[in-house]
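Survey of secondary and tertiary structure
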Amino acid sequence: MSDPIARREAIREAQRLLQAQPVYLDTETTGTGPNAEVIEIGVVDSHGDVLFSSLIKPRGSIEPDAMRVHNITPEQVAIAPGWAEIWPGLREVLAGKQVGAYNSDFDLRLIKQSLTRAWLRWDLEDHSFFCIMKLYARFAGEWDSKRGSYRWHTLDMAGKQANIPLGNTHRAVDDARLARAVLVYMAEAK
């Protein structure tokens, strides 16, 4: 059973966020742990147009479980630029913008871990990032009594529930576009 009050609040929040014309970010990584790194990043604008897209050569190896998800191989990233090369351009795209991501806590943590491993400094504002996944959880309004919060849905599940014709490909630009479409769907809901 969904929570109609949480849904209305999520719709209003989605509308407010859309008015700010945010950019949308997604990452693919070597894994999920404390030493994992970003190996692909994509950023799209409020229309879904690509602002930034790059594979990134990691300092560590890609975990087999991660490779099974995104199909990015060590050979594909072997000749990719490292964080020192991509960070100035990426930073410029993100600076001063609201940045939406599906599970922004994860993406932000992995970006910071990647910068640290490359001896680079994070100097953007954490509060400019917002989580579309948590907003969608409120929108769907399914209470998870074990967690004491609304149930999180995968990006793929949210897209299917919203009948969005974009698939969750586990590639950064595609998934950034899908996250954008989920936010638009919430903002336009009744």
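Just so it is clear, the model here is predicted, and its values are computed rather than measured.

Parameters at a glance
Residues numbered from 1 in each chain as written. Predicted model: local features only at pLDDT ≥ 70, side-chain atom pairs only at ≥ 80, totals over all residues. Heavy atoms only, no water. Buried < 20%, exposed > 50% of the residue type's maximum accessible area, 1.4 Å probe, protein only. Helix = DSSP H or I, 4+ residues; strand = E, 2+ residues; numbered from the N terminus. Arc of directions from axis to C-beta. Contact = heavy atoms within 4.5 Å. Axes fitted to C-alpha atoms, helices over the stretch in contact; angles between N-to-C directions. Left-handed = near helix turned anticlockwise from the far one by under 90°. Nonpolar A, V, L, I, M, F, W, Y, C, P; charged D, E, K, R; others polar. Salt bridge = Lys/Arg side-chain N within 4 Å of Asp/Glu carboxyl O. Pairing = 2+ DSSP bridges.

Turning to helix H4 (residues 83-94), its buried residues number three or more, namely Trp83, Ile86, Trp87, Leu90, Val93 and Leu94. Buried residues of H4, seen end-on, are gathered within an arc of 130° and therefore sit on one face of the element. Counted as exposed and oriented over 90 degrees from the buried face of H4: Glu85, Pro88 and Glu92. Turning to H4, the residues buried within the fold contact strand E1 (23-29), strand E2 (38-44), strand E3 (50-55), strand E4 (99-101), helix H5 (104-117) and strand E5 (129-131). Gly96 lies just past H4 and shows a positive phi near 75°.

Right, let's talk about unusual backbone geometry for a bit. For Asn103, which is not a glycine, the phi torsion comes out positive at approximately 75°. Secondary-structure assignment places Asn103 in the loop between E4 and H5. Backbone geometry places Asn163, a non-glycine residue, at a positive phi of 55°. Within the secondary structure layout, Asn163 lies in the loop between helix H7 (155-161) and helix H8 (172-188). For Asn163, a relative accessible area of 68% translates into the label exposed.

Contact pair helix H6 (residues 132-140) / H8: the axes reach a minimum separation of 10 Å and the direction vectors enclose 35°. Like other packed secondary-structure pairs, H6 and H8 cross with a definite hand, here left-handed. Two secondary-structure elements touch here, H6 through Ile132, Leu135, Tyr136 and Phe139 and H8 through Ala179, Val182, Leu183, Tyr185 and Met186. Split into classes, the residues belonging to the contact of H6 with H8 amount to nine nonpolar, no polar and no charged.

Another point: the pattern of salt bridges. By the definition in use, this model includes nine salt bridges. Residue Arg68 pairs with Asp65 through a salt bridge whose shortest N-O separation is 2.2 Å. One end of the pair, Arg68, and the other, Asp65, are both in helix H2 (residues 64-70), three residues apart, so they sit about a helical turn from each other. Assessed through its relative accessible area of 52%, Asp65 is described here as exposed.

Time to look at the pairing of E1. Counting buried positions over the seven residues of E1 gives seven, a clear majority of the element. The two faces of E1 match: Val23, Leu25, Thr27 and Thr29 on one face and Tyr24, Asp26 and Glu28 on the other face are all buried. Pairing between E1 and E4: two bridges, direction parallel. Within E4, the residue paired with Val23 across the bridge is Val99. Across six bridges, the pairing between E1 and E2 is antiparallel. Its bridge partner being in E2, Glu28 is matched across the sheet by Glu40.

So, on to the environment of Gly60. Position of Gly60 among the secondary structure elements: in the loop between E3 and H2. Look at Gly60 and you get partly exposed, because its relative accessible area is 28%. When the C-alpha positions of Gly60 and Met186 are compared, they lie 38 Å apart, and in sequence the two are 126 residues distant. Sequence-distant contacts of Gly60, that is, excluding residues within four places in its chain, are made with Glu37 and Arg117.

We now examine the sheet that holds E3. Consider a sheet: its strands pair through backbone hydrogen bonds, and that pairing is either parallel or antiparallel. Read across the sheet, five strands follow the order E3-E2-E1-E4-E5 without closing on themselves; strand pairing throughout is mixed. The open sheet terminates on both sides in strands that have one partner only, identified here as E3 and E5. In this sheet, adjacent strand axes meet at a mean angle of 25° when their direction is disregarded. Relative to E3, E2 runs antiparallel, the two being bridged by five bridges. Of the residues in E3, the one forming a bridge with Glu40 is Leu55. Lying over the sheet, H4 contacts E1, E2, E3, E4 and E5, oriented at roughly 160° with respect to E3. Helix-sheet contacts for H5 involve E1, E2, E4 and E5, and the interaxial angle to E1 is about 65°.

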